[in-house]
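# Secondary and tertiary structure notes
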Number of protein chains: 2
Amino acid sequence: VARPHVVVVGAGFGGVGAVRRLARLPVDVTIVDRRNHHVFQPLLYQVATAGLNPSDIAQSVRGIFQDHENVEFRLASVEGVDFDRRLVHVDDGLPLVYDYLVLAPGSETRWFEIPGVEEHALPMKTVEDAIRLRGHVLGQFERAAADPSLIKEGALTFVIVGGGPTGVELAGAFVELFEKVLARDFHHLDVGLARVVLVELTDHLLGGFTPKSQRSALETLRARGVEVLLGHGVDKAEAGRVHLSDGDVIATSTLVWAAGIQPAPLTAATGLPLGPGGRIAVEPDLRLRERPEVFVIGDVAGARNRRGELYLQMASVALQQGHHVGRQIGRLVAGRDTRPFRYIEYGTMATIGRNAAVAELAFHIRLRGAPGWYAWLLVHLVRLMGFRNRLSVFFNWAWNYFTYDRSARLIIEVGKPASRRGRESGTGSHPPP
Amino acid sequence: VARPHVVVVGAGFGGVGAVRRLARLPVDVTIVDRRNHHVFQPLLYQVATAGLNPSDIAQSVRGIFQDHENVEFRLASVEGVDFDRRLVHVDDGLPLVYDYLVLAPGSETRWFEIPGVEEHALPMKTVEDAIRLRGHVLGQFERAAADPSLIKEGALTFVIVGGGPTGVELAGAFVELFEKVLARDFHHLDVGLARVVLVELTDHLLGGFTPKSQRSALETLRARGVEVLLGHGVDKAEAGRVHLSDGDVIATSTLVWAAGIQPAPLTAATGLPLGPGGRIAVEPDLRLRERPEVFVIGDVAGARNRRGELYLQMASVALQQGHHVGRQIGRLVAGRDTRPFRYIEYGTMATIGRNAAVAELAFHIRLRGAPGWYAWLLVHLVRLMGFRNRLSVFFNWAWNYFTYDRSARLIIEVGKPASRRGRESGTGSHPPP
């Protein structure tokens, strides 16, 4: 008897979560991604700030499923789906034939069509993005050390747009990197002249957190020296300058874009009807109404909670949806009915820097400051995949904490931004944190 | 009293070795390199084969000298030296004025003007080279998995040119990576079809080692499945093919070039008279005859041993020359005479893979097989700079040895080959292993 073939598009939290369940079922699985690795995106900012190595937070997909003979990996960009013939078309080689399809292509950076932003801003979605940002930031300090007159032109002004967890965590980590590490690296440069500016469109940081946590994050960041500009948008970016919505112009060599995401281009390329936010409408069990063999999960899925609201585009939602879909395919294969998806809220958290984080956990547990930070460390260690990565991250964190060192302050030249190539090649792959 | 200013060009073994001595002297030091990190090149092949992380073998130059206030770093390419005005010209910013100059620009890959080689072969000199080779090799297995018909076109044929330590170590590490790790990653690909071909022009591997060690390396490599072609040169490289000197053509997607090095372009750009091998003639104390304030060390120095032979272009020679020059500048500053350089031979070693290495140490100690391998591990751990890197490499080695895992099997896109940019920008930086 031929076993059903399940094709999973995307090796982010949703896709990998699904395959972890599917691997134990009597099915054959092919997981497709245009990168050969899964990225633990919540810690990407620590690669960008030299605290962790890429291999600490990225794992080869084949490595994850090495012990599961029924799981195969395909390195390719998915260009489209022929739902009638049950084919997934890829950029390179033969199409994949499926019995069940799980679409989890994730999202890409959203530039909001603001002039100059895509050209001049640095995104933070992939390992390459993080390595590039790390090298860029270290390079600005080198430029300023060689010629301090560049400081007033913005060589040491680091503007981050977007006050969500990525922006907040990056801002906090920048300040720490500059004050604790680079201040000792640069003997003849006044690192105190470096500015970190966090620009947020709304009047609060960390949308989705409670007002108390939002205020705590704001106060902590400001106390540590981050200039937080609430209620500010970006009108335009140019080489060396960013124009804010209130008319202010900031001279800067570094504009980091953490302001938003949008569904991967594959979402539109499927030809499926798109709902709010460009997300694909799904049934409560995460299947397509007209195509009961197709599941859609993660950032691109227009699934809604009991109150009828779209789920947030978060790692934990994608992961739980992946697990859910894996279980439902198991039920279908066993001749049973599917069940609706229910998200279990375990909490959200964001770190602001050494000994400071906000955590809002189940049972109304709210942690701030050092207790929040310890909770954050513990949860992220546990959620990392693989014993080796946990060990390595734990070692690096301990080392960095006690020595004020960051071992990975390397400038390594990486290829052109993946987000643009992604747009050309037709699929994103990883859901955001 | 103004302290003498010493400019050191190059942060390879020679340059960093010199600055480690100079840091303790009453001088100000500026070390210049076009990369922000020192690379422990003898372990570069382990980055290329996914066993180690870039940050395990590379350290930021500023980090190395963080505690020495009298040492400054400059990230720049050196374009030339004005010996009369004592100026070092860089590509970016003001020139550096020196009282003493240490030239240690190292070498770059030598292509021997063989048609197609520079265009089609992958060099192994920088961290970017190693990351690129790692991604390329993993990518070939992905291609072959998606379309096994590519195997007979050479997708899984890996040709390494050059039977020195780099070529031998890389060949051994490839076989191990393929058989022990990738064979478990690829469930539907016969990894046994992968070929590793090592091409060497002379009739022996590891020139410079004793015939017995050379034979041992050859036998071990062949026993492990490497096809060693002695007495073969390369006539031409094309996309997908390499033509050997005996007329044979090997279909291959991967040509690694470990066949030779040549002095960095800065060597010629200095306008100094060049001796054999394009190296700069120096006095026995490593100074220029006409410019007693200028020292030349490492791969570009035409220093000779007591038998009048040029020193081998090895890390240990460069390192000892760096230490020597640091000491001599100390003597000059103290009003004393310089002393001639003497190389102390502690031995050479090369690893062939798990439990196999050849080591030729002082006092005629010769080790092969497992004892040689343990000696190799120990010596390389000790020679690595920094406690953290030692700890991390030790952990990775132990993990890889016991689990047959390689954590860093990531395909990360890096910029264009640095060797070409190096040619444009005018200086190499690191001496070879």
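Residues numbered from 1 in each chain as written. Chains lettered and ligands numbered in written order. Predicted model: local features only at pLDDT ≥ 70, side-chain atom pairs only at ≥ 80, totals over all residues. Heavy atoms only, no water.

### Quick look at the overall build of chain A
Tallying secondary structure elements over chain A gives 13 helices and 23 strands in all. For chain A, whose C-alpha radius of gyration is 22 Å, the value lies close to the compact-globule estimate of 22 Å for 433 residues. For the C-alpha atoms alone, the extent of chain A along its principal axes is close to 70 × 40 × 40 Å. Looking at chain A residue by residue over its 433 residues, the buried ones come to 61%. Within chain A, counting contacts between residues at least 6 apart in sequence, those at least 24 apart form 67% of the total. Separation of charge centres in chain A, based on 49 positive and 46 negative side chains, amounts to 6 Å. (Helix = DSSP H or I, 4+ residues; strand = E, 2+ residues; numbered from the N terminus. Rg over C-alpha atoms; globule rule 2.2 N^0.38 Å. Buried < 20%, exposed > 50% of the residue type's maximum accessible area, 1.4 Å probe, protein only. Contact = heavy atoms within 4.5 Å. Lys, Arg positive; Asp, Glu negative; His and termini not counted. Charge placed at Lys NZ, Arg CZ, Asp CG, Glu CD.)

### What to know about the relation of the copies chain B and chain A
Rotating chain B by 180° and moving it 0.0 Å along the rotation axis overlays it on chain A with an RMSD of 0.0 Å. Taken together, the turn and the small shift mark the pair as related by a two-fold rotation axis. In terms of proximity to the rotation axis, the leading residue of chain B is V414(B), whose C-alpha is 1.8 Å off the axis. Most of the interface of chain B is mirrored in chain A, where 100% of its interface residues are also at the interface. (Least-squares fit on C-alpha atoms with pLDDT ≥ 70 in both.)

### Considerations on the interface of chain B and chain A
At the junction of the two partners, chain B supplies 49 residues and chain A supplies 49 residues. Each partner contributes to the roughly 4,500 Å² buried at the junction of chain B and chain A, and carbon and sulfur atoms together form 51% of this total. Together, R62(B), H187(B) and R388(B) form the three largest contributors to the area buried by chain B at its contact with chain A, with a combined 17%. On the surface where chain B and chain A come into contact, there are 2 salt bridges. Across the pair R62(B) and E142(A) runs a salt bridge, and its minimum N-O distance is 2.8 Å. At the boundary of chain B with chain A, the tally comes to 24 residue pairs in polar contact (both at pLDDT 80 or more). Of all the secondary-structure elements, those providing two or more residues to the side of chain B that touches chain A are α3 (54-57), β4 (58-60), α4 (61-64), β5 (71-75), α6 (127-146), α7 (165-185) and α12 (387-403) of chain B. No other element matches α6(B), which puts 7 residues into the side of chain B that touches chain A. (Buried area = accessible area lost by both parts, 1.4 Å probe. Salt bridge = Lys/Arg side-chain N within 4 Å of Asp/Glu carboxyl O. Polar contact = N/O pair within 3.5 Å; in protein donor to acceptor, adjacent residues only side chain to side chain.)

### A closer look at α12(B)
Given 3.6 residues per helical turn, the α-helix brings residues three or four places apart onto the same face. An ideal rise of 1.5 Å per residue puts 24 Å on 17 residues; α12(B) measures up with 24 Å between its terminal C-alpha atoms. Buried residues along α12(B) sit against α12 (387-403) of chain A together with α2 (44-48), α3, β4 and α11 (369-383) of chain B. Positive backbone phi, at 55°, marks Y404(B), one or two positions downstream of α12(B). (Expected span 1.5 Å × (residues − 1).)

### Considering the sheet that holds strand β8 (residues 96-97) of chain A
Residues and elements named next belong to chain A. Strand order in this open sheet of 3 strands is β6-β7-β8, and the pairing throughout is antiparallel. Of all strands in the sheet, those bounded by a partner on one side alone are β6 (78-82) and β8. Judged from the 2 bridges that link them, strand β7 (residues 87-90) and β8 form a sheet pairing that is antiparallel. Considered in β8, the bridge of V88 is made with L96. (Pairing = 2+ DSSP bridges.)

### Overview of the pattern of salt bridges
Residue and element names in this part refer to chain A. All told, the structure shown has 34 salt bridges over all chains when counted by the stated rule. Note that R35 is salt-bridged to E128, the shortest N-O span being 2.9 Å. In this pair, R35 is assigned in the loop between β2 (28-33) and β3 (37-39) and E128 in helix α6 (residues 127-146), connecting sequence segments 93 residues apart. By the burial criterion, R35 is buried, and E128 matches it.

### Quick look at the packing of aromatic side chains
Residues and elements named next belong to chain A. This model, assessed by the stated rule, comprises 32 aromatic pairs over all chains. Ring centres of F141 and F158 lie 5.7 Å apart, and the angle between their planes is 10°; on these two criteria the pair is classed as stacked. Of this pair, F141 sits in helix α6 while F158 sits in strand β12 (residues 157-161), and the two are 17 residues apart along the sequence. A ring pair is formed by W373 and Y401, whose centres lie 5.5 Å apart and whose planes are at 35°; its orientation type is tilted. Of this pair, W373 sits in helix α11 (residues 369-383) while Y401 sits in helix α12; the two residues are 28 residues apart in sequence, bridging distant segments of the chain. By relative accessible area, Y401 is classed as partly exposed at 23%. Clustering of aromatic rings is evident, with ring pairs tying together F141, F158, F174, F178 and F186. Above the ring of Y401, the side-chain terminus of R354 is found at 4.0 Å from the ring centroid. (Phe/Tyr/Trp six-rings, centres within 6.5 Å; stacked < 30°, edge-to-face > 60°. Lys NZ or Arg CZ within 6 Å of the ring centre and 35° of its normal.)

### Some thoughts on the packing of α11(A) against α12(A)
Residue and element names in this part refer to chain A. Two elements in contact, α11 and α12, have axes separated by 9 Å at closest approach and are oriented at 150°. As the angle between them shows, α11 and α12 are arranged roughly antiparallel. Contacts between α11 and α12 involve W373, W376, L377, H380, L381 and V382 on the former and, on the latter, R390, V393, F394, W397 and Y401. Within the contact of α11 with α12, the residues separate by chemical class into 9 nonpolar, 1 polar and 1 charged. (Axes fitted to C-alpha atoms, helices over the stretch in contact; angles between N-to-C directions. Parallel < 35°, antiparallel > 145°, perpendicular 65-115°, else oblique. Nonpolar A, V, L, I, M, F, W, Y, C, P; charged D, E, K, R; others polar.)

### Examining the nonpolar core
Among soluble globular proteins, nonpolar side chains are generally buried collectively. F141(A), F174(A), F178(A), F141(B), F174(B) and F178(B) are the most contacted members of the largest nonpolar core, which has 146 residues in total. What F141(A) contacts, discounting residues up to four positions off in sequence, is L156(A), F158(A), F178(A), L182(A), F186(A), L189(A), V191(A) and A194(A). (Core = buried A, V, L, I, M, F, W, Y, C linked by side-chain atoms within 4.5 Å.)

### Describing the environment of L198(A)
Residue and element names in this part refer to chain A. Within the secondary structure, L198 sits in strand β13 (residues 195-200). Residue L198 is classed as buried on the basis of its relative accessible area, which comes to 0%. The sequence separation of L198 and I297 amounts to 99 residues, and the corresponding C-alpha distance is 31 Å. When residues no more than four places from it in sequence are discounted, the contact partners of L198 are I160, G162, G163, G167, V168, A171, L205, L221, V226, E227, V228 and L229.

### A few points about the sheet that holds strand β1 (residues 5-9) of chain A
Residue and element names in this part refer to chain A. Taken together, the 5 strands give an open sheet; going across it, the order is β5-β2-β1-β9-β20, and neighbouring strands pair in parallel fashion. The open sheet terminates on both sides in strands that have one partner only, identified here as β5 (71-75) and β20 (294-296). On average, each strand axis in the sheet is tilted by 15° relative to the strand beside it, whichever way the strands run. Where β2 and β5 come together, 5 bridges link them in parallel fashion. Each bridged residue has a counterpart across the sheet, and for I31 the counterpart in β5 is F73. The strands touched by helix α1 (residues 13-22) within the sheet are β1, β2 and β5, with β2 carrying the most contacts at an inclination of about 165°. Of the strands in this sheet, β1, β9 (100-103) and β20 are in contact with helix α10 (residues 315-333), which crosses β9 at around 170°.

### Some details on a negative patch on the surface
There is a patch of like negative charges on the surface, built from E79(A), D91(A), D92(A), D147(B) and E153(B). Along the chain, E79(A) turns up in strand β6. (Patch = residues over 30% accessible without salt bridge, like charges linked within 9 Å, V, L, I, M, F, W, Y side chains within 5 Å. Areas by Shrake-Rupley, 256 points an atom, 1.4 Å probe, with all protein chains shown as cover.)

### A look at helix α10 (residues 315-333) of chain B
An ideal rise of 1.5 Å per residue puts 27 Å on 19 residues; α10(B) measures up with 27 Å between its terminal C-alpha atoms. The buried count for α10(B) comes to 16 of 19 residues, which makes it a mostly enclosed element.

### Regarding the confidence of the model for chain A
All names here are of chain A. Per-residue confidence for chain A gives a mean pLDDT of 93; residues scoring 70 or more make up 96%. Note that pLDDT drops below 50 for residues 417-433; the model gives that stretch 86 contacts with residues more than four away or on any other chain. Model confidence for the complex: the whole-complex pTM is 0.92, and ipTM, which rates the interface, is 0.91. (pLDDT = per-residue confidence, 0-100.)

### Some thoughts on the pairing of strand β6 (residues 78-82) of chain B
The side chains of a regular strand alternate between both faces of the sheet. All names here are of chain B. When you tally the buried positions in β6, you get 4 out of 5 residues, the bulk of the element. When β6 meets strand β7 (residues 87-90), the two strands line up antiparallel, connected through 4 bridges. Residue pairing in the sheet places V81 in a bridge with V88 of β7. Between β6 and β7, which pair antiparallel one after the other, the connecting turn spans 4 residues, and R86 there sits at a positive phi close to 55°.

### Here's the deal with the environment of V137(B)
Residue and element names in this part refer to chain B. Position of V137 among the secondary structure elements: in helix α6. A relative accessible area of 1% places V137 in the buried class. Placed 272 residues apart in sequence, V137 and R409 show a C-alpha to C-alpha distance of 9.8 Å.

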